[in-house]
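So you can see what is in the structure, the chains are spelled out below.
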Amino acid sequence: MQTWIRSSLIRCSGSFCTGMALMLANLLSWSPPIAADPYAATANAVSVNNNSKSVSKKRQISSSRWIEIDLSEQRVRAWQGKKLVYSFRTSTGKRATPTPVGEYRINSKYRTNRMRGRGYDIANVPYAMYFYRGYAIHGAFWHNRFGTPVSHGCVNLPVKQARQLYNWAQMGTLVVVRR
């Protein structure tokens, strides 16, 4: 069905069909929040103490990449396991349009993307990585108020830093948003 919808919309012309195609593609690529911690992708190691015959689980340190978005500090941190790779000031959602808290995965990436919503319509938004519905981590060239919540819910970064994170992150990278 997805193929039929996309092929039908591609045959349309004009901004209405283009907008509908982008909206449907975004909805069809939506992924629900996951209930895992940053290390859930790794198996738990089990060690056995031969003297007491007890079994204890120890969490292995993962080498997987994950992104932390700290709303209270207005920081984006990129991690390789427990090693900090990047730390950037960000602008997340305002009180009226908050960034959703939870654990998600990057489900689509666009070098440039048009973003529209109530009160905004911005063409050529650079380095967009969608992680939940219409919420994305992306570059913002239209403001320089990083460190302050000013967005409609997305996670804004300076363009240069958004490019670094975009090139570093892969599809499926875990995104953890916390207060």
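Since the structure is predicted, the reported quantities are computational estimates derived from the model, not experimental observations.

A.B. asks: With reference to specific residues and values, describe the sheet that holds strand E3 (residues 65-70).
C.D. replies: With respect to topology, five strands assemble into an open sheet ordered E5-E4-E3-E11-E6, the strand pairing being mixed. With partners counted over all chains shown, the strands left at the sheet margins are strand E5 (83-89) and strand E6 (102-105), one partner each. For this sheet, the mean inter-axis angle between neighbouring strands, taken without regard to orientation, is 20°. One ladder, built from five bridges, connects E3 with strand E11 (residues 174-178); its direction is parallel. Of the residues in E11, the one forming a bridge with Glu-68 is Val-176. This element, helix H3 (residues 159-168), spans E3, strand E4 (75-80) and E5 of the sheet and lies at about 150° to E5.

A.B. asks: An account of the sheet that holds strand E7 (residues 108-117) is needed here, citing residue identities and associated values.
C.D. replies: Adjacent strands of a sheet form backbone hydrogen bonds with each other and so pair up, either parallel or antiparallel. Pairing in this open sheet of four strands is mixed, and the strands run E7-E8-E9-E10 from one edge to the other. Edge positions in the sheet fall to E7 and strand E10 (155-157), since each of these pairs with one other strand and no more. Within this sheet the neighbouring strands show an average axis-to-axis angle of 40°, counted without direction. When E7 meets strand E8 (residues 120-132), the two strands line up antiparallel, connected through eight bridges.

Rules behind the numbers
Residues numbered from 1 in each chain as written. Predicted model: local features only at pLDDT ≥ 70, side-chain atom pairs only at ≥ 80, totals over all residues. Heavy atoms only, no water. Pairing = 2+ DSSP bridges. Helix = DSSP H or I, 4+ residues; strand = E, 2+ residues; numbered from the N terminus. Axes fitted to C-alpha atoms, helices over the stretch in contact; angles between N-to-C directions. Contact = heavy atoms within 4.5 Å.

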